[in-house]
Amino acid sequence: MRVIIDLIEDVREQIGNHETYEVMAGLLKTDAQDSEKLIYAGEAPLNSVELEREKRQLRFKIDGSDQKLTIGELIPSILILDMEAMLFELKMDVNAQYKDMEIVGFGKNDEQKRYILFIKI
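Parameters at a glance
Residues numbered from 1 in each chain as written. Predicted model: local features only at pLDDT ≥ 70, side-chain atom pairs only at ≥ 80, totals over all residues. Heavy atoms only, no water. Helix = DSSP H or I, 4+ residues; strand = E, 2+ residues; numbered from the N terminus. Buried < 20%, exposed > 50% of the residue type's maximum accessible area, 1.4 Å probe, protein only. Contact = heavy atoms within 4.5 Å. Arc of directions from axis to C-beta. Pairing = 2+ DSSP bridges. Axes fitted to C-alpha atoms, helices over the stretch in contact; angles between N-to-C directions.

Draft legend 1. Representation of the environment of Phe60. Looking at where Phe60 falls in the secondary structure, it is placed in strand β4 (residues 57-61). For Phe60, a relative accessible area of 0% puts it in the buried group. Through-space distance from the C-alpha of Phe60 to that of Asp100 is 9.3 Å; in sequence the pair is 40 residues apart. What Phe60 contacts, discounting residues up to four positions off in sequence, is Leu7, Leu46, Ser48, Val49, Leu69, Leu74, Leu90, Lys91, Met92, Asp93, Ile103 and Leu117.

Draft legend 2. Just helix α2 (residues 71-79), in detail. Ile71, Leu74, Ile75 and Ile78 are the residues of α2 that are buried. Along α2, the residues classed as buried sweep out an arc of 90° about the axis, all on the same side. At its buried positions, α2 is contacted by α1 (4-15), β1 (22-30), β3 (48-52), β4 and β7 (114-120).

Draft legend 3. Fine view of the pairing of β1. Judged from the seven bridges that link them, β1 and β7 form a sheet pairing that is parallel. Across the sheet, Leu27 pairs through a bridge with Ile119, a residue of β7. With seven bridges connecting them, β1 and strand β2 (residues 38-45) associate as antiparallel partners. Paired with Thr30 across the bridge in β2 is Leu38.

Draft legend 4. Quick peek at the sheet that holds β7. Read from one edge to the other, the open sheet built from seven strands follows the order β2-β1-β7-β6-β5-β4-β3, with strand pairing classed as mixed. Each end of this open sheet is capped by a strand with a single partner; those strands are β2 and β3. The mean angle between the axes of side-by-side strands here comes to 40°, regardless of whether they run parallel or antiparallel.

This is the structure we're talking about:
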């Protein structure tokens with residue numbers, strides 16, 4: 001389980017809080033040949049993020065809009081959270097079929113200026 005503070009620390013360490021990086025969903029799936037391995041299945045831009053205090057979650061969403069979430073929009077909004085909220089779980093809604101997905105890791109693509117939140121589908 002990844003929480004908000006994990007995200008903040010990784011963004012600072014990996015990309016130095018570079019504001020123009022787009023926040024992406026990275027899709028991983030189990031290899032049909034070897035269930036111990038994960039295969040990269042592509043990525044898509046995240047459009048929005050919402051703090052759900054009742055569920056203790058920060059939820060990223062792909063909603064089909066042209067809006068692309070950037071680190072410059074994301075980080076300032078979560079840095080002001082209280083310590084309790086820093087331990088809220090990170091979740092993602094990709095579409096109707098893949099809702100409430102757990103974020104399993106982080107990555108980056110410096111060439112394309114992308115910060116990636118990985119989920120396993």
